[in-house]
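In case you want the letters, here they are:
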Amino acid sequence: MPDLPEIFHESACRENACWKNAWSLDDLARLARGSFIEQLGVRFVELGADWLTAELTIRPATAHAGVALALAEAIGTLASRMAVEARTHVVSGLDIKANHCRPVGVGETVQATARPLNLGRQTHEWEIRIQVAGDERLVCVARLTTAIKIRAGQGVRAAA
């Protein structure tokens, strides 16, 4: 896998790099194949040292607030999976909270960016900001907690 781009700013990551799995955008698209993420039409578009961005074009069937939560959980959970050793740990959603700030119309494209707030051994906290593409105004902001568990048959190791 190629090295990830270097983008530095204050973050929860050690040494300005969160990812233990250097998956590419194409790898993420393959992981989503056949899943709810693909059915929604989510496309992964950017990957930085500590952030992941996906976009979704709103269709009549996806023009409601529940889709924002599904998008936030999908992108945050995949980002959390990238931040642990895939061979020894699994990730599952534990809790999600969101504030919806403004409506989005059919045909508009939203971008969701997940950034870590805390990467602990047993849980990760992610902030996912959803905005209309090219617009700074917030559509939704979500906070996702994921549980980090050791795979069956593995010895105890730190996830982060």
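Here's what I pulled together on the structure shown here.

Cut-offs applied
- Residue numbers run consecutively from 1 along every chain, following the written order of its sequence.
- Residue-level local features of this predicted model are given only where pLDDT is at least 70; pairs of side-chain atoms are given and counted only at 80 or more, and the full residue set underlies all totals for whole chains, interfaces and linings.
- Computation of side-chain values covers all heavy atoms of the structure but excludes hydrogens and water.
- Helix and strand definitions here come from DSSP, where helices need a minimum of 4 consecutive H or I residues and strands a minimum of 2 consecutive E residues; each element is numbered from the N-terminal end.
- To sort residues, take the accessible area from a 1.4 Å probe on protein chains only and compare it with the maximum for the residue type: under 20% means buried, over 50% means exposed, and anything in between is partly exposed.
- Here the accessible surface of atoms and residues is derived via Shrake-Rupley with a 1.4 Å probe, and residues count as covered only by protein chains that are part of the display.
- One bridge is not enough; two strands pair if DSSP finds at least two bridges between them.
- Every axis in this analysis is a line fitted to C-alpha atoms, fitted for helices over the stretch in contact. Angles between the N-to-C directions lie between 0 and 180 degrees.
- By definition, residues are in contact when any of their heavy atoms lie within 4.5 Å.
- The definition of a nonpolar core used throughout is a set of buried Ala, Val, Leu, Ile, Met, Phe, Trp, Tyr and Cys residues joined through side-chain atoms within 4.5 Å.

**Remarks on the overall build of the protein chain**
- Per the secondary structure count, the protein chain includes 3 helices and 6 strands.
- The linear arrangement of helices and strands in the protein chain, starting from the amino end, is α-α-β-β-α-β-β-β-β.
- Among the 160 residues that make up the protein chain, the fraction classed as buried is 41%.
- When the accessible surface of the protein chain is totalled, it reaches about 8500 Å², and 49% of it is carbon and sulfur.

**Regarding the sheet that holds strand β4 (residues 109-119)**
- What the 6 strands build is an open sheet, ordered β1-β2-β4-β5-β6-β3; its pairing is antiparallel. Each having just a single partner strand, β1 (43-47) and β3 (89-100) make up the two edges of the open sheet. In this sheet, adjacent strand axes meet at a mean angle of 25° when their direction is disregarded.
- Here β1 pairs with strand β2 (residues 52-57) via 4 bridges, running antiparallel. Considered in β2, the bridge of R43 is made with E55.
- Packed onto the sheet, helix α1 (residues 25-32) meets β1 and β2 and runs at close to 150° relative to β1.

**Quick notes on the nonpolar core**
- If you look at the biggest cluster of nonpolar residues, it comprises 37 residues, and the most contacted ones within it are W19, V42, F44, L56, W126, I128 and I130.
- The set of elements that each furnish at least two residues to this core consists of α1, α2 (36-40), β1, β2, α3 (65-82), β4, β5 (123-132) and β6 (138-150).
- Element by element, the count of residues in this core is highest for α3, at 10 residues.

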